[in-house]
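Okay, here's what each chain looks like letter by letter:
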Amino acid sequence: LAQAPSPSTVPHVSDRTPKMPKLLATSVALAAATAPCAAFVTAPTAQVQQQQQPRHQQLRGEATIDAQASSTASVAAAAVSLAGLGAAGMAVAGAAAKPRRSVVGRRVAGVCFPLTEKWDPLKLGSTDAKMERYTAVEIKHGRISMIACIGYVMPEIFRFPGCEEFSNGLGALSSIPFEGWVQLVGFVGFHEVFVKPRTGGMGSYDLGFGTELLDGVSEEELERRQTVERNNGRLAMIGIMGLMVQDGMYGNPIQSLKVNGFWGPPVDWLIKDIPMCAGPTPLCATRQAGSRIARTALRAEPPKMSPAVPFLKYPEVLDGWVGGEKGFDPLGITDALDVYIVREAELKHGRVAMLATVGWIATDLGARFPGEKFQGFSTIEAHDKMVQAGIFGPFLATVAAYEVYSGWLFFEGWEGRIKRDAGDFFLGKNFLPKDPEQERLMRLKELENGRLAMLAFSGICTQAVLLGGKTWPFL
């Protein structure tokens, strides 16, 4: 008789599994009493517990070898079916363990139909260390490729102010200035050196960004999200390679869509030198001389597009205004309001935002007015504390006085009664350069810095509240 495996070698069988002596006795009893109909007795199904693997192995997509004994149900079925023959020893021998083939566990991120097992024909992930390394590399390259694919498309839709002249795609390699490359290399280098995987994370690819979105999700949902990320990254790696190859051979593919349509430029140059295709013939895919495509027709001048938002028309009303050459008005506000009104509001909010950004950073770093009432609270709490201390009354009265003065200047300038540019409060104009071009450049810098400060201050406030009162730089 084959020796039955010990309980320690059968981890998948629950505690309700019958013991071997009891199984043997049951088999003998059935052999004596139910020999004629033993083959028709249905064996009870034993409850099987799935062996839990370490978390990092499941998320890594590693194949697992599940060596376990045959289930109690098959043992019992074999014993009952052979009871009519009285071979109880055969039933016990049927309980011997048989290893299964290597299969993927029930929850393995990155494995999906039509692949049901670990796909590694080159055996690159033959060890745990190698598998961990290649998994991190795959996820990292997938994330970079997804950003790169979006980066190929977005410049045709939106460009940051100051980047209108940069080329897109492979052309960016030759159009970005040296200081731009320094910033890119510095940012990537900082990320590579200082950003490390979080302690207790899911693997070396878990940098801790966005993990709060995974709190409370089920194991199945976590597996699905990670599989989606890996599949999208795999597709993006193929996609960015296709974009770059097409860009190098035929030109930017995204720009080609607008010029040549979905099917791209004509490719009859591939066969034009074949003698059989030299003349008109239906055997070659050449453009017919009399076709609509070949005819040249006078076309209307295409509308001027916005350099900042290339898919929108250029707002003509911005001509002559500082920054108007960039045509940035995606919401079409200047179609409803006079540019003078919009520029007045933009400059005022930009200046306030620049002061607010500097003030927030300064107070977070410890700068305070002298006096006990200005100490002992954070920047977020400053508003409520100043209201309680009675400071806001005089503060609002001062702001109101400035607003009355600025409102009078605005209406006088808008109606043309005084010579005044939008946002001009006749303060500090003597600091502007005397050269008209340099003066225009200085005004443009103020405008762009104000726009950036409005975004920055909104982000600072939001981040400070969401992070529970952390101070700048919120690390």
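Per-chain numbering applies: the sequence of each chain, read as written, is numbered from 1 onward. Thresholds applied to this predicted model are a pLDDT of at least 70 for local features of residues and 80 or more for the giving and counting of side-chain atom pairs; totals over whole chains, interfaces and linings are not thresholded and use all residues. For side-chain calculations, the full set of non-hydrogen atoms in the structure is used, while hydrogens and water are omitted.

**Quick look at a nonpolar patch on the surface**
Residues Ile150, Val153, Met154, Ile157, Phe158, Phe160, Phe311 and Phe328 make up a contiguous nonpolar surface patch of about 700 Å² in total accessible area. Examined against the element boundaries, isoleucine 150 turns out to sit in helix H5 (residues 128-153). Here a patch means residues that are over 30% exposed by relative accessible area and free of salt bridges, tied together within 9 Å if like-charged and within 5 Å if nonpolar (Val, Leu, Ile, Met, Phe, Trp, Tyr). The method behind every accessible area is Shrake-Rupley, applied with a 1.4 Å probe, and residues are considered shielded solely by the protein chains displayed. Salt bridges are defined as contacts in which a side-chain nitrogen from Lys or Arg sits within 4 Å of a carboxyl oxygen from Asp or Glu. Under the scheme used here, helices are H or I runs from DSSP no shorter than 4 residues and strands are E runs no shorter than 2 residues, and both carry numbers assigned from the N terminus.

**Observations regarding the side chain of aspartate 364**
Topologically, aspartate 364 is positioned in helix H10 (residues 339-364). At 2.9 Å, the side chain of aspartate 364 and the backbone nitrogen of tryptophan 472 are in polar contact. Residue contacts are defined here by distance: any two heavy atoms, one from each residue, within 4.5 Å place the two residues in contact. Beyond its immediate chain neighbours, meaning those up to four positions away, aspartate 364 contacts Thr379, Thr471 and Trp472. Two N or O atoms form a polar contact when they lie within 3.5 Å of each other; inside protein one atom must be a possible hydrogen donor and the other a possible acceptor, and for residues adjacent in sequence the pair counts only when both atoms belong to side chains.

**Quick notes on the packing of H5 against helix H8 (residues 219-250)**
Axis angles are defined between N-to-C directions and span 0 to 180 degrees, where every axis is a line fitted to C-alpha atoms and, for a helix, only to the segment in contact. Orientation of H5 relative to H8, taken along the N-to-C sense of each, is 55°, at an axis distance of 7 Å. By the angle between their directions, the pair H5 and H8 is classed as oblique. As H5 packs across H8, the resulting crossing turns out to be left-handed. Counting all contacts with H5, which are made through Thr135, Glu138, Ile139, His141, Gly142, Arg143, Ser145, Met146, Ala148, Cys149 and Tyr152, the residues of H8 involved are Glu229, Arg230, Asn232, Gly233, Arg234, Ala236, Met237, Gly239, Ile240, Leu243, Met244 and Asp247. Orientation is classified from the angle alone, with under 35 degrees giving roughly parallel, over 145 giving roughly antiparallel, 65 to 115 giving roughly perpendicular, and any other angle giving oblique. In this scheme, a crossing is called left-handed if the near helix is turned counterclockwise away from the far one by less than a right angle; it is called right-handed if the turn is clockwise.

**A few points about the confidence of the model for the protein chain**
A residue's pLDDT is the predictor's confidence in that residue, given on a scale from 0 to 100. Chain-level statistics for the protein chain give a pLDDT mean of 74 and a share of 70% at 70 or above. This model gives residues 1-106 a pLDDT under 50, and the stretch forms 110 contacts once residues within four places in sequence are excluded. The low-confidence segment residues 289-299 (pLDDT under 50) makes five contacts with residues lying over four places distant or belonging to another chain.

**With respect to helix H13 (residues 436-466)**
What a helix is expected to span follows from its residue count: subtract one and scale by 1.5 Å. Here H13 contains 31 residues, and its C-alpha end-to-end distance of 45 Å stays within 8% of the 45 Å for a straight helix at 1.5 Å per residue. Classification of residues uses two cut-offs on accessible area relative to the type maximum, computed with a 1.4 Å probe and protein chains only: under 20% is buried, over 50% is exposed, and between them is partly exposed. Turning to H13, its buried residues are Leu444, Leu447, Gly450, Arg451, Ala453, Ile460 and Ala464. On its buried face, H13 sits against H10.

**What about unusual backbone geometry?**
Note the cis peptide between tryptophan 472 and proline 473, where omega equals 10°. The topology assignment puts proline 473 in the segment after H13. A positive phi angle, near 60°, is found at lysine 123, a position not held by glycine. Structurally, lysine 123 can be placed in the loop between helix H4 (88-93) and H5. Residue lysine 123 is classed as exposed on the basis of its relative accessible area of 60%. One non-glycine residue, phenylalanine 426, lies in positive phi territory at about 60°. Relative to the helices and strands, phenylalanine 426 is located in the loop between helix H12 (392-414) and H13. For phenylalanine 426, a relative accessible area of 40% puts it in the partly exposed group.

**Focus: the nonpolar core**
We call a set of buried Ala, Val, Leu, Ile, Met, Phe, Trp, Tyr and Cys residues a nonpolar core when their side-chain atoms join them within 4.5 Å. Among the nonpolar cores identified, the biggest contains six residues, and these are Cys149, Tyr152, Ala236, Ile240, Leu243 and Ile254. Among the secondary structure elements, those contributing two or more residues to this core are H5 and H8. Element by element, the count of residues in this core is highest for H8, at three residues. Setting aside chain neighbours within four positions, we find cysteine 149 in contact with Ala236, Gly239, Ile240 and Leu243.

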